[in-house]
Amino acid sequence: LMSAPKETPRQKMIGMMYLVLTAMLALNVSTEVLKSFITVNDAMEKTNKDYTERNEGLYAVFQRAYAANEAKVADQWNKAQQVRTRTAELYDFIQQTKYELIAKTEGVSIEEAKTLHPNDFSKQDNYDIPTNFFMGSEILKDGRAYVLHDKIDEYVSFLQNILGNDTNKVSLKALDVNEDYRDASGTPLSWEAFNFSHTIIVADLALLNRLQTTIRNTESDVVSQLYSSVSEDDFKFDTISARVVPTTSNIVVGT
């Protein structure tokens, strides 16, 4: 039986480091903070690669079950394939957003942006260009953050539809972009402003990587639930032993 592994202590630590660094960023953009963001960013990119490989393993197990009993597994397997496709589309969109952010901020081509490491950025502490890239016009709301918000929202709705009656068995809260967001003084903020207004490029990259991690985790949870629901009406057991079950309490000689 497949089950979605939870975050390891190392992964939780990376998430906590990101939150602490974000708080420090509001106070002072020091060289140490910039370097720390880059360290967290590198760790998250490694985590995302690991999660992608792990999820491919989940699909491989699911596919073997489908090959063994196509009639029984087909419906849930087809749903899992839809999840696989939609997750890849959102994940790749965020990846492309990272490249475009780097290209815009550093003034280079997309192809060159793909080769640059944050250590090589000449504008690590610049927040004007990244803010304009993500927020755009406040009136038109044409920044990349608004597009990303809608794509995440659509993805969550898609997963809810895929899960159907099992929606309550998988938490999608980590991808909720419609929560009540506020600044330090308690003033309400949009998801876009809360995450991308006046933030530097290395912080934005760390956030985007964190989003990709959350998406991979959610994909794992949903696919695992689809797999487990294939046999939820069957008896589940992990051992088999022989038993003599009497049909009557009366024993007659010779029977």
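Placed above this text is the structure.
How each quantity is defined
- Residues numbered from 1 in each chain as written.
- Predicted model: local features only at pLDDT ≥ 70, side-chain atom pairs only at ≥ 80, totals over all residues.
- Heavy atoms only, no water.
- Helix = DSSP H or I, 4+ residues; strand = E, 2+ residues; numbered from the N terminus.
- Buried < 20%, exposed > 50% of the residue type's maximum accessible area, 1.4 Å probe, protein only.
- 1 Å grid on protein atoms, 1.4 Å probe; cavity = no way out; pocket = protein on both sides within 12 Å on 5 of 7 lines; lining within 4 Å.
- Points joined across faces, edges and corners; volume = space filled by probe spheres on them.
- Nonpolar A, V, L, I, M, F, W, Y, C, P; charged D, E, K, R; others polar.
- Axes fitted to C-alpha atoms, helices over the stretch in contact; angles between N-to-C directions.
- Parallel < 35°, antiparallel > 145°, perpendicular 65-115°, else oblique.
- Left-handed = near helix turned anticlockwise from the far one by under 90°.
- Contact = heavy atoms within 4.5 Å.
- Salt bridge = Lys/Arg side-chain N within 4 Å of Asp/Glu carboxyl O.

Peer 1: Looking at this structure, how should I read the side chain of Glu219?
Peer 2: Among the secondary structure elements, Glu219 is positioned in helix α8 (residues 201-229). Residue Glu219 is classed as buried on the basis of its relative accessible area, which comes to 2%.

Peer 1: I would appreciate a short explanation of the layout of surface pockets in the present structure.
Peer 2: Here the idea is plain: a probe the size of a water molecule rolls over the atoms and shows the empty space left. Size it by volume and the second largest pocket reaches roughly 280 Å³. If you trace the second largest pocket, you find 19 residues lining it, with Glu45, Gln95, Lys98, Tyr99 and Asn209 closest to the centre. Listed by contribution, the elements that provide at least two residues to the lining of the second largest pocket are α2 (31-68), α3 (70-106) and α8. A class-by-class count of the residues in the lining of the second largest pocket yields eight nonpolar, six polar and five charged.

Peer 1: Before we go on, may I ask you to explain the packing of α2 against α3 in this structure?
Peer 2: Helix-helix packing is characterised by the crossing angle of the two axes and by the distance between the axes. With their axes 9 Å apart at the nearest point, α2 and α3 run at an angle of 160° to one another. As judged from the angle between their axes, α2 and α3 are roughly antiparallel. In this structure, α2 crosses over α3, and the sense of that crossing is left-handed. Facing Glu45, Asn48, Thr52, Glu56, Tyr59, Phe62, Gln63, Ala65, Tyr66 and Ala68 of α2, the residues of α3 in contact are Glu70, Val73, Ala74, Gln76, Trp77, Ala80, Gln81, Val83, Arg84, Tyr91 and Lys98. Of the residues belonging to the contact of α2 with α3, the class tally is 11 nonpolar, five polar and five charged.

Peer 1: It is not clear to me how the pattern of salt bridges should be interpreted in this structure. Could you clarify?
Peer 2: As a working rule, side chains carrying opposite charge can pair if their charged atoms are close by. Taken as a whole, this structure holds 11 salt bridges when the rule is applied. Taking the shortest distance from any N to any O, the salt bridge between Glu45 and Lys98 comes out at 3.9 Å. Pair noted here: Glu45 is in helix α2 and Lys98 is in helix α3, with a separation of 53 residues, a long-range link. For Glu45, a relative accessible area of 33% gives the class partly exposed. Note that Glu100 is salt-bridged to Arg144, the shortest N-O span being 2.5 Å.

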